[in-house]
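For reference, the chains in residue letters:
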Amino acid sequence: MKPKSPTRKSNLKAGHRNGRPALPEEERQSYVRHTRYNEAENTLLLANVKRTGMKNVSEYIRSVTLNPHIVPRLDESEMRIARNLSGMSNNFNQLLRLCHQRGLDAMARDVQYCLSQFRELFAKLSS
């Protein structure tokens, strides 16, 4: 009777490895820097990492030290305003196209309404 062959062969014998491919030498991060924080500093650090929306503390520290000017990502209310502005600009472009087709006099009321909506949104953004 013939012995059963294993159902899974090792990739190491063939020179292949499972998992993520190795990074090129110039992209590897091989230096480790240790820093110590007290409780208050650590709380502030974690809050800053969360506020900027970065994945982890290492990414944040690397960004702060190598690129001192970091622009935080938009929070939920700012994202909602940006989505509203995007939708309104799309509506405004459609309205302008209609104005060109039908004439500005026929569309004056709709144009005034859109302009008032833009003014309200920009007032919220500036405050």
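Not measured: the values here are computed from a predicted model.

Conventions used here
- Residues numbered from 1 in each chain as written.
- Predicted model: local features only at pLDDT ≥ 70, side-chain atom pairs only at ≥ 80, totals over all residues.
- Heavy atoms only, no water.
- Helix = DSSP H or I, 4+ residues; strand = E, 2+ residues; numbered from the N terminus.
- Buried < 20%, exposed > 50% of the residue type's maximum accessible area, 1.4 Å probe, protein only.
- Contact = heavy atoms within 4.5 Å.
- Areas by Shrake-Rupley, 256 points an atom, 1.4 Å probe, with all protein chains shown as cover.

J.: Just checking my understanding: could you explain the overall build of the protein chain for this structure?
T.: For the protein chain, the helix and strand inventory stands at 4 helices and 0 strands. Along the chain direction, N to C, the helices and strands of the protein chain fall in the order α-α-α-α. Expressed as a percentage of the 127 residues in the protein chain, the buried residues total 13%. For the protein chain, the proportion of contacts with a sequence separation of at least 24, taken over those separated by at least 6, is 27%. Split by element, the accessible area of the protein chain, about 11900 Å² in all, is 53% carbon and sulfur.

J.: Is there a simple way to think about the environment of Val111 in this case?
T.: Relative to the assigned elements, Val111 resides in helix 4 (residues 108-126). Through-space distance from the C-alpha of Val111 to that of Leu95 is 7.3 Å; in sequence the pair is 16 residues apart. If we skip the residues at most four places from it in the chain, Val111 touches Leu95, Cys99 and Leu104.

Coordinates in, geometry out; function isn't part of it.
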